[in-house]
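Spelled out from the first residue to the last, the chains are:
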Amino acid sequence: MNGWDESKHGEVDAIADAIRTYPLAPVPTGLAPAIMSRIRNTAQTPRFELQWIDLALGLFGASMTGLAWLAWRWLHTFPDWANGLGLDALIPQDSLDIALGVIGIVGGLFALGVCLVVALVVLMPPRPFIRLERATR
Amino acid sequence: MNSLEQAQEEQLVRQAQAGDTEAFAALVAAHQHFCYNLALQSLADTREAEDVTQEAFLRAWLALPRFRHQARFRTWLYRIVTNLCYTHLPRLRRNLEALAEDELADVPSEPFDNPLANLQVEERRACLHAQIDRLPESQRLIVLLRYREELSYEEIADALDIPLGTVKIGLFRARQRLRAALLEFENGCLPTPAVPAPAGDWSGR
């Protein structure tokens, strides 16, 4: 490259002048309003966008479902298992015990979920809040 | 040429990034003219140019939160327009890249002389405007970005997504063509246009 540098030559010449004064086509009437109309429509419509909290809650929901299923299975196999180990006292004696056990497990999972949501809301970085606020303006 | 000072433009961009649609409307008002013409010079179709301009501003709005002020807003915006034009007209990118096939070895280092200092300025301008219309669109884009929008070579390379060397070659080739046209005009080979060069007879192109 041999360094042809127009600024070095202080070139304000006929060609530069012609290009600077080259007439541009007029903007179509209503172009800017049309653009702003599309933008305002977009701004008013919250865009669907997955964020980390959606993924975290999805993962939590899926794992809780799996845990509930395992707990349910465990409730049915536990009597045989406890009987084999001689832990008869731990075996639910009637349907009330089983129901209480199920309620306890489900309630515990629910409480865990609530705690997780509260923790996420408290610890959530501010940026997603700003974006949601903007999207609904 | 848009009328926004750089500081004012940056302020508007920051306001728009915070969700201020009125600030963005001011940016649209300032840049719509050149953006539309950039698309028009590339696509040579008024309808498509209008669509591309709308789409470019919409994309700019949606991508604005990710704009980091590392480049000037207008450079960033022109790049969006150019990318959309490339999608509409793949030949455009090929034409721009083909500029790089020229050798730079014959780019002269001597100052560009002005052989027509004594000609009537208006006649000369009209002649050159007509010649600019006849430039290949790849060269016309580069010279307009350089002289009308006063972008640096680096900014043009960024806006058009082409190598810096290609910008220099394209600019040189365009000037070379215009200079040849000027010389022909001086020698009476080219008629003086009866009316100033059209703002582009875009409807028929």
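Provided above is the structure to which this section pertains.
Note that this is a predicted model, so its numbers are computed, not measured. (Residues numbered from 1 in each chain as written. Chains lettered and ligands numbered in written order. Predicted model: local features only at pLDDT ≥ 70, side-chain atom pairs only at ≥ 80, totals over all residues. Heavy atoms only, no water.)

### Looking at the overall build of chain A
Then, in step 1: Each helix and strand counted, chain A has five helices and zero strands in total.
Then, in step 2: Listing each helix as α and each strand as β along chain A from the N terminus yields α-α-α-α-α.
Then, in step 3: Taking all 137 residues of chain A together, the buried fraction comes to 26%.
Then, in step 4: Sequence-distant contacts, at least 24 apart, represent 75% of the contacts inside chain A between residues at least 6 apart. (Helix = DSSP H or I, 4+ residues; strand = E, 2+ residues; numbered from the N terminus. Buried < 20%, exposed > 50% of the residue type's maximum accessible area, 1.4 Å probe, protein only. Contact = heavy atoms within 4.5 Å.)

### Quick word on the pattern of salt bridges
Then, in step 1: Considering all chains together, one arrives at ten salt bridges over all chains under this definition.
Then, in step 2: For Asp17(A), the salt bridge identified is with Arg125(B), shortest N-O distance 2.7 Å. One end of the pair, Asp17(A), is in helix H1 (residues 14–20); the other, Arg125(B), is in helix H6 (residues 121–134), on a second chain.
Then, in step 3: Put simply, Arg38(A), Glu55(B) and Arg59(B) are held in one network by salt bridges that share partners. (Salt bridge = Lys/Arg side-chain N within 4 Å of Asp/Glu carboxyl O.)

### A closer look at unusual backbone geometry
Residue and element names in this part refer to chain B.
Then, in step 1: Backbone geometry places His69, a non-glycine residue, at a positive phi of 65°.
Then, in step 2: Summarising the element assignment, His69 is placed in the loop between helix H3 (46–63) and helix H4 (73–88).
Then, in step 3: Here Asp161, not a glycine, exhibits a phi torsion of approximately 60°, which is positive.
Then, in step 4: Counting through the fold element by element, Asp161 comes out in the loop between helix H8 (153–160) and helix H9 (164–186).
Then, in step 5: Overall, Asp161 belongs to the partly exposed group, its relative accessible area being 30%.

### Things to note about the packing of helix H5 (residues 90–98) of chain B against helix H7 (residues 137–148) of chain B
All names here are of chain B.
Then, in step 1: At a closest axis distance of 8 Å, the pairing of H5 and H7 adopts a crossing angle of 75°. By the angle between their directions, the pair H5 and H7 is classed as roughly perpendicular. Of the residues in H7, those in contact with Arg91, Leu92, Asn95 and Leu96 of H5 are Glu137, Ser138, Leu141 and Ile142.
Then, in step 2: Class assignment for the residues of the contact of H5 with H7 results in four nonpolar, two polar and two charged. (Axes fitted to C-alpha atoms, helices over the stretch in contact; angles between N-to-C directions. Parallel < 35°, antiparallel > 145°, perpendicular 65-115°, else oblique. Nonpolar A, V, L, I, M, F, W, Y, C, P; charged D, E, K, R; others polar.)

### Observations regarding the nonpolar core
Then, in step 1: In terms of nonpolar packing, the biggest core is built from 72 residues, with Phe24(B) and Ile142(B) touching the most fellow members.
Then, in step 2: Filtering out sequence-adjacent residues up to four positions away, Phe24(B) remains in contact with Met36(A), Ile39(A), Ala16(B), Phe57(B), Ala60(B), Trp61(B), Leu64(B) and Phe73(B). (Core = buried A, V, L, I, M, F, W, Y, C linked by side-chain atoms within 4.5 Å.)

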